[in-house]
Amino acid sequence: MVFDIIRRLIKSGNHSPMSIQSLTNEAEYPFQKVETQVQSFWTENNSFAVHTEPSKPKFYCLSMFPYPSGRLHMGHVRNYSIGDVISRFQRMLGKNVLQPMGWDAFGLPAENAAMKNKVPPAGWTYDNINHMRGQLSRLGFAYDWSRELATCHPEYYRWEQWFFCRLLEKGLVYKKEAEVNWDPVDQTVLANEQVIDGRGWRSGAPVERRRIPQWFIKITDYAQELLEDLEKLEGWPERVRVMQQNWIGRSVGMEFSFTVAGREDRLEVYTTRPDTLMGVSYCAVAPEHPLAQEAAASNADLARFIETIRTGGVSEVDMATMEKVGMDTGFKAVHPLNGEEVPIWVANFVLMSYGSGAVMAVPGHDERDHEFATKYQLPIKQVIRPLDDTAIDVQQAAYTEHGICVNSGGMDGLKFTEAFDFIATTFNQLGIGQKKVNFRLRDWGVSRQRYWGTPIPVINCRECGALPVPAQDLPVLLPEDVEFDGSGSPLKKIASFMNCSCPKCGGPAERETDTFDTFMESSWYYARFASPRYNKGMLNLEDMNYWLDVDQYIGGIEHAILHLLYARFFHKLLRDEGLVSSDEPFKRLLTQGMVLKDGAKMSKSLGNTVDPEGLIEKYGADTVRMYTMFTAPPDQSLEWSDSGVEGSYRFLRRLWKLVCSHTPTKVTLKQNSLNDVQRQLRLKTHATIKKVGDDYERRQVFNTAIAAVMELYNELSKFTASHDSTSGQNQAVVQEAMEAIVLLLAPIVPHMCHVLWQHLGHNEAVIDAQWPVYDESALVQDSITIVAQVNGKVRSQLSLSAEVDKESMQLAAMADPTVQRFLEGLTVRKVIVVPGKLVNIVAN
RNA sequence: GCGGACGUGGCGGAAUUGGUAGACGCGCUGGAUUUAGGUUCCAGUGCCUUUGGUGUGAGAGUUCGAGUCUCUCCGUCCGCACCA
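Now for a look at the structure at hand. (Residues numbered from 1 in each chain as written. Chains lettered and ligands numbered in written order. Predicted model: local features only at pLDDT ≥ 70, side-chain atom pairs only at ≥ 80, totals over all residues. Heavy atoms only, no water.)

### Topic: the overall build of chain A
Stage number 1. Looking only at helices and strands, one finds 27 helices and 34 strands in chain A.
Stage number 2. Projected onto its principal axes, the C-alpha coordinates of chain A cover approximately 105 × 85 × 50 Å.
Stage number 3. The 844 residues of chain A split such that 54% are buried.
Stage number 4. By sequence separation, contacts in chain A at least 24 residues apart represent 72% of the contacts at least 6 residues apart. (Helix = DSSP H or I, 4+ residues; strand = E, 2+ residues; numbered from the N terminus. Buried < 20%, exposed > 50% of the residue type's maximum accessible area, 1.4 Å probe, protein only. Contact = heavy atoms within 4.5 Å.)

Next up, the structure:
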């Protein structure tokens, strides 16, 4: 086993029992001793290991696992602090809380490091994991480390290989040619990230688009369900759901074909705007389209042109921002309604991978078509007019709104849906097309021409084709001790990996050397965490039924679309294989904001990073946790400030001193015998408990929770400064306020609160304490403040009995001298009374 | 290009359902303690011509009442399928 407990025990340091008293007697807040001692306590007691216990309510809190890049950055600290706070809060509510941690260990950076430092990707990755595990422990996160996993471990990826083979057998996986970025100098495939301004990042050579056979998983089979189920995800931020909805991109349109003049075959196109059909002035096909290829065969200029437009990146942003260029193929498409012939062009903006690789172009009513038509002086026809009949000039700009058909023969006067239906009926009768729902979502290409990834478990036999590796031969192990120089896959050079025999005919065969997209591993790790050591199958159903779904998932907004969509898809695949029982993996989602410094994202290239380790050294983990939770709401970006850290540190020091100087008491608090000042403090204590609980659970904003605790602290410290709080009910209300503060902060500042809780006279550990419940009777007030406005402007504040009715409020406001002064010479027209809040007198 | 979000003091942010704008923290100013610096404590702190006026990127609108709702504009940031 790679991950042993022993090493962590050594890491956690000092085991000699140190009494709480020796800590709380220290004049200054001894954060180092506190944190070391409390972390030892958690380790020795195995405090965060959990088991499937069907009789107990569970809570599964998951933070997106990190890529082991080498060191934690502030983004990690923030992400994992949020998850830890939620986990510890839920535990105090009495739940059986699972909070695991692991490593998204495959990926490109390990290969880059391998080239740079001449070390194998595996060794580099394991070293990073060991270092980062230590950093996480030092931050005091309540992980069940016995469940730790790393995706590069065969125990993990073997099940992914097994599952892929199942999908292959079920027909949910297929192989087809797809475009990649090809570096002609380095003779290698480049990631989009490695293409800079259309050139290879290392060679500087112009990148070519090349087609190679790759594996795809049929996510489009699940497009409709992935779209519909978004509505069930009430615990997800609206914006993430909208992003996924747009990504899936359901559209209703017409699929139909043009005849090509003088030919037997037809040109298939898809359009969402059949109402503009009479405005078609040309068609455009992708460079890879058969018609384009055929035309190029007898036209050297066109062949050269197609070659040039196949350079440049393949990403969506490259496609959308590049200059739109094209060339006439010489073929003519015959308009299905008026028989007119329009030219067929080849254009770089048409994607072979989307739809049929061909489009009808209506420059009058589509911006992209308009740009292209203007450039090549193709005709622009107006066939739609605005509903309100405003004058438009389609020669100047495309009119893209829905409107009414004009210049369209029999369709004139029809609105969008009427025109749509007309075309649908007509084409059905002609047998050349029909209504079709299309999705923007494309099938998931999972092949990567990289070494450091899960080997795709496929054997290529010259006789029998591509076959899945039989289950008993799994895992296909990735050789870890390799020479890696970046020129193609090292797997191709290892004969013992490459050569195998065909599982069907037994003849000589070769292994697939591509590896999986790393999104594969991160698409199911949440489930594996619930049965991480299970070796009889991919997932243990009993554990799945107890722990899933993930109650709270936390991670960066940058994963809003891809990772979350793939994980949702994978969950449905797992469900259909009978491995899990629910439809969706993540009940509630919190997308944390970025950590910024000087207004920019912290990054190595900008040199504006802050190293968490140095901060922990200087201020302790509790301060760092508190600062990251206090400075901004979790879903917004966090602007780094050194003096802000000082502020959090100062608060914790003050709190430490105040509680340590208090003598704990067991005196019973008697609500009815409290004086006004005592009642006031008690009111603040319980109002704070109420607000903070709501902030943690419903609102998930921790900055305001901390602010509320600070307010209580301020009131408490004023109280202790001006009253003798060593005896009687004074001591009782102070004890109550302190206990509240310690409990309310325990999820955020767990080390300090562990010690302070014991100082306040409790034997149980604060992690096992019950979350405080507010006392409704303590919140009852005798008098309330009412705002008096004249014409919407605040003129006075009135202290009135809490039970005051609307009429009395109005009378009191009218009688107020300041209000009177502002009403002088005016006639009262109207009075608005908001019970318990304000009175607005409208006068002129 | 497409899609998404955001814009409030000197700064980070608060205002949860249309009802006292600026909670809490930082910074700054003054004072106390200290040989001094630091620390700690106390008081003040949106802006202005201060019995008042004004103020939430700009402009308009709805409303008794708008930071919050609607529209237009400006600006900033994020994602876009091989980075994870």
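Back to the text.
### A word on the packing of helix H10 (residues 290–297) against helix H11 (residues 300–309)
Stage number 1. Where H10 contacts H11, the axes come no closer than 6 Å and their chain directions differ by 130°. Comparing their axes, H11 and H10 come out oblique. Residues Ala-292, Gln-293, Ala-295 and Ala-296 of H10 lie in contact with H11, whose contacting residues are Ala-300, Leu-302, Ala-303 and Ile-306.
Stage number 2. Here the residues of the contact of H10 with H11 sort into seven nonpolar, one polar and no charged. (Axes fitted to C-alpha atoms, helices over the stretch in contact; angles between N-to-C directions. Parallel < 35°, antiparallel > 145°, perpendicular 65-115°, else oblique. Nonpolar A, V, L, I, M, F, W, Y, C, P; charged D, E, K, R; others polar.)

### Focus: the sheet that holds strand E32 (residues 793–801)
Stage number 1. As summarised here, the arrangement of the four strands in space is E32-E31-E34-E33, forming an open sheet in which the pairing is mixed. Lying at the two open borders of the sheet, with one neighbouring strand each, are E32 and strand E33 (828–834). Going from strand to strand, the sheet's axes swing by 20° on average, the running direction of each strand aside.
Stage number 2. Examined bridge by bridge, strand E31 (residues 783–790) and E32 share eight bridges and lie antiparallel to one another. Paired with Gln-789 across the strands is Val-794, a residue of E32. (Pairing = 2+ DSSP bridges.)

### Topic: the pairing of strand E15 (residues 358–361)
Stage number 1. Of the two faces of E15, the one carrying Ala-358 and Met-360 and the one carrying Val-359 and Ala-361 are both buried.
Stage number 2. Looking at chain direction, strand E12 (residues 282–285) and E15 are connected through four bridges and run antiparallel. Note on E15: the bridge partner recorded for Cys-283 is Met-360.

### Some details on the environment of Pro-664
Stage number 1. Tracing the backbone shows Pro-664 in the loop between helix H21 (642–660) and helix H22 (676–699).
Stage number 2. Pro-664 sits in the partly exposed class, given a relative accessible area of 35%.
Stage number 3. It is 75 Å that separates the C-alpha atoms of Pro-664 and Glu-323, two residues lying 341 residues apart in sequence.

### Concerning the sheet that holds strand E21 (residues 458–461)
Stage number 1. As summarised here, the arrangement of the four strands in space is E22-E21-E24-E23, forming an open sheet in which the pairing is antiparallel. Looking at strand neighbours, the two that pair on one side only are strand E22 (465–468) and strand E23 (499–501), the edges of this open sheet. Between one strand and the next, the sheet's axes are offset by a mean angle of 40°, whatever the strand orientation.
Stage number 2. Relative to strand E24 (residues 508–511), E23 is paired through three bridges, and the arrangement is antiparallel. Looking at E24, one finds that Ser-501 is bridged to Pro-508.

### What about the protein's contact with RNA strand B?
Stage number 1. Asp-104, Asn-192, Arg-448, Lys-691 and Arg-698 are the nearest of the 68 residues found near RNA strand B.
Stage number 2. Of what RNA strand B places within 4 Å of the protein, 62% of the atoms are sugar or phosphate.
Stage number 3. Asn-246 has a polar side-chain atom sitting 3.1 Å from a sugar or linking oxygen of RNA strand B.
Stage number 4. Broken down by element, the surface near RNA strand B gets its largest block of residues, six residues, from helix H23 (residues 702–722).
Stage number 5. Across the surface near RNA strand B, the residue classes break down as 25 nonpolar, 20 polar and 23 charged. (Near = heavy atom within 4 Å. Polar contact = N/O pair within 3.5 Å; in protein donor to acceptor, adjacent residues only side chain to side chain.)

### What to know about the packing of helix H5 (residues 108–117) against helix H6 (residues 121–138)
Stage number 1. Remark: H5 packs on H6, axes separated minimally by 8 Å, with the N-to-C direction vectors making an angle of 110°. By the angle class used here, H5 and H6 are roughly perpendicular. The way H5 lies across H6 gives a crossing that is right-handed. Each of Pro-109, Ala-110, Glu-111, Ala-113, Ala-114 and Asn-117 in H5 lies in contact with H6, whose residues at this interface are Pro-121, Trp-124 and Thr-125.
Stage number 2. Looking at the contact of H5 with H6, its residues break down into six nonpolar, two polar and one charged. (Left-handed = near helix turned anticlockwise from the far one by under 90°.)

### Regarding the pattern of salt bridges
Stage number 1. For the coordinates displayed, the defined rule picks out 43 salt bridges.
Stage number 2. Measuring nitrogen to oxygen at the nearest pair gives 3.3 Å for the salt bridge that ties Lys-572 to Glu-225. Here Glu-225 lies in helix H8 (residues 223–228) and Lys-572 lies in helix H18 (residues 562–576), a separation of 347 residues in the sequence.
Stage number 3. Notably, a salt bridge pairs Arg-273 with Asp-275, separated by 3.0 Å at the nearest N-O pair. (Salt bridge = Lys/Arg side-chain N within 4 Å of Asp/Glu carboxyl O.)

### Description of the nonpolar core
In summary, soluble globular proteins display a tendency toward joint burial of nonpolar side chains.
Stage number 1. Counting residues in each nonpolar core, the largest one holds 122 residues, and the members touching the most others are Met-74, Leu-136, Trp-640, Leu-655 and Trp-656.
Stage number 2. Once residues lying within four places of it in the same chain are set aside, the contact partners of Trp-656 are Leu-23, Thr-24, Glu-26, Glu-28, Tyr-29, Pro-30, Val-34, Met-752, Val-755 and Leu-756.
Stage number 3. With 62 residues, the next largest nonpolar core counts Ile-217, Phe-516, Met-538 and Leu-573 among its residues. (Core = buried A, V, L, I, M, F, W, Y, C linked by side-chain atoms within 4.5 Å.)

### Description of unusual backbone geometry
Stage number 1. Pro-475 follows Leu-474 through a cis peptide bond whose omega is 0°.
Stage number 2. Among the structural elements, Pro-475 can be located in the loop between E22 and helix H15 (495–498).
Stage number 3. Positive phi, close to 55°, is recorded for Lys-118, a residue that is not glycine.
Stage number 4. Inspection of the secondary structure assignment puts Lys-118 in the loop between H5 and H6.
Stage number 5. You can call Lys-118 exposed: its relative accessible area is 73%.
Stage number 6. Positive phi, close to 50°, is recorded for Asn-791, a residue that is not glycine.
Stage number 7. Note on placement: Asn-791 falls in the loop between E31 and E32.
Stage number 8. For Asn-791, a relative accessible area of 41% gives the class partly exposed.

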